[in-house]
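# Coordinate analysis (summary)
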Amino acid sequence: MADPRHELGRDAELAVAAWLTDAGWRILARRWRVPEGELDLVCLDPDDTLVGVEVRARASPRAGTPEESVGRRRVGRLRRALGIYARASATGARRLRIDLVSVGDRDPAGRWRLRRLPAIDAW
């Protein structure tokens, strides 16, 4: 049986990817990994900024908010990973940014409640 946390994470990433695509973003990679870190999504936003998107979902509020779970150390790992991706790819993006998308409960229609916090790190 699959770990429910992994299923929640996968489902949340799929929902965020669809949401961003609908908003005009281009998804370049999913769960991109290097020893320095993992990027849940690597995207080009409508302004051609290369964005590493950290997707955070919680099955229960007992573990704190998704935003509280991303500390300075985690942001550093995301930054290093996105820098490596930028150097290895041919996107031509001149700006880099890390965004956080928190995934909340579902609304009455069954859609995830998504909230994007742009530029938790940018350069």
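All chains use their own residue numbering, which begins from 1 and follows the written sequence. This being a predicted model, a pLDDT of at least 70 is required before a residue's local features are given, and a value of 80 or more before pairs of side-chain atoms are given or counted; all residues contribute to the totals for chains, interfaces and linings. Excluding hydrogens and water, the side-chain figures rest on all heavy atoms present in the structure.

### Digging into the environment of V101
Rules: Each helix is a run of H or I in the DSSP string that is no shorter than four residues. Each strand is a run of E no shorter than two, and both are numbered from the N terminus. With a 1.4 Å probe rolled over the protein chains alone, any residue whose accessible area is under 20% of its type maximum counts as buried; one over 50% counts as exposed, and the rest are partly exposed. Contact between two residues is taken to exist if any of their heavy atoms lie within 4.5 Å; hydrogens are not considered.
Tracing the sequence through the fold places V101 in strand 4 (residues 96-106). With a relative accessible area of 0%, V101 lands in the buried category. Sequence-wise, V101 and E67 are 34 residues apart; in three dimensions their C-alpha atoms are separated by 8.5 Å. Those residues in contact with V101, other than ones at most four positions away along the chain, are V16, W19, V53, E54, V55, R56, L114, R115 and R116.

### Comments concerning the environment of A86
Tracing the sequence through the fold places A86 in helix 2 (residues 72-88). For A86 and G37, which are 49 residues apart along the polypeptide, the C-alpha to C-alpha distance reads 14 Å. If we skip the residues at most four places from it in the chain, A86 touches L50 and L96.

### Some details on the pairing of strand 5 (residues 112-122)
Selection rule: Should DSSP find at least two bridges between two strands, the strands are taken to pair.
Where strand 4 lies against strand 5, seven bridges are found, and the strand directions are antiparallel. Each residue of the ladder has a partner; that of V103, found in strand 5, is L114.

### Observations concerning the packing of aromatic side chains
Between two aromatic rings, the relevant description is the distance of the centres plus the angle of the planes. For clarity, the threshold we go by: Pairing of aromatic rings covers Phe, Tyr and Trp, the last through its six-membered ring, and needs centres within 6.5 Å; plane angles under 30 degrees mean stacked, over 60 mean edge-to-face, and all others mean tilted.
Taken as a whole and judged by the stated rule, the model has one aromatic pair. Between the aromatic rings of W32 and Y85, the centroid separation amounts to 5.0 Å while the plane-to-plane angle is 85°, which identifies the pairing as edge-to-face. Here Y85 lies in helix 2 and W32 lies in strand 1 (residues 26-34), a separation of 53 residues in the sequence. By relative accessible area, which is 10% here, Y85 ends up buried.

### Focus: the sheet that holds strand 3 (residues 50-57)
What counts here: For every element, the axis is a line fit to its C-alpha atoms; helices are fit only across the contacting stretch, and the angle between N-to-C directions ranges from 0 to 180 degrees.
Spatially, five strands are ordered 1-2-3-4-5 in an open sheet, and the strand pairing comes out mixed. With one partner strand each, in any of the chains shown, strand 1 and strand 5 form the two edges of the open sheet. Ignoring which end each strand starts from, the neighbouring axes of this sheet average 30° apart. Pairing of strand 2 (residues 37-44) with strand 3, which is carried by four bridges, proceeds in the antiparallel orientation. The residue of strand 3 that forms the bridge with L44 is L50. Relative to strand 2, helix 2 is tilted by about 55°, and along the sheet it contacts strand 1, strand 2, strand 3, strand 4 and strand 5.

### Quick word on the pattern of salt bridges
A pair can form between side chains of opposite charge whenever their charged atoms are brought close. Put simply, the rule reads: The term salt bridge refers to a side-chain nitrogen of Lys or Arg lying within 4 Å of a carboxyl oxygen of Asp or Glu.
This model, assessed by the stated rule, comprises nine salt bridges. For the salt bridge of E38 with R33, the shortest nitrogen-to-oxygen distance reads 3.1 Å. You can call R33 exposed: its relative accessible area is 58%. Residues R74 and E54 are paired through a salt bridge, measuring 3.2 Å at the closest nitrogen-oxygen approach. A residue pair is termed long-range when its members are at least 10 positions apart, and R74 in helix 2 and E54 in strand 3 qualify at 20 residues. You can call R74 partly exposed: its relative accessible area is 21%. Residue E54 is classed as buried on the basis of its relative accessible area, which comes to 2%.

All we've got here are geometric facts, nothing functional implied.
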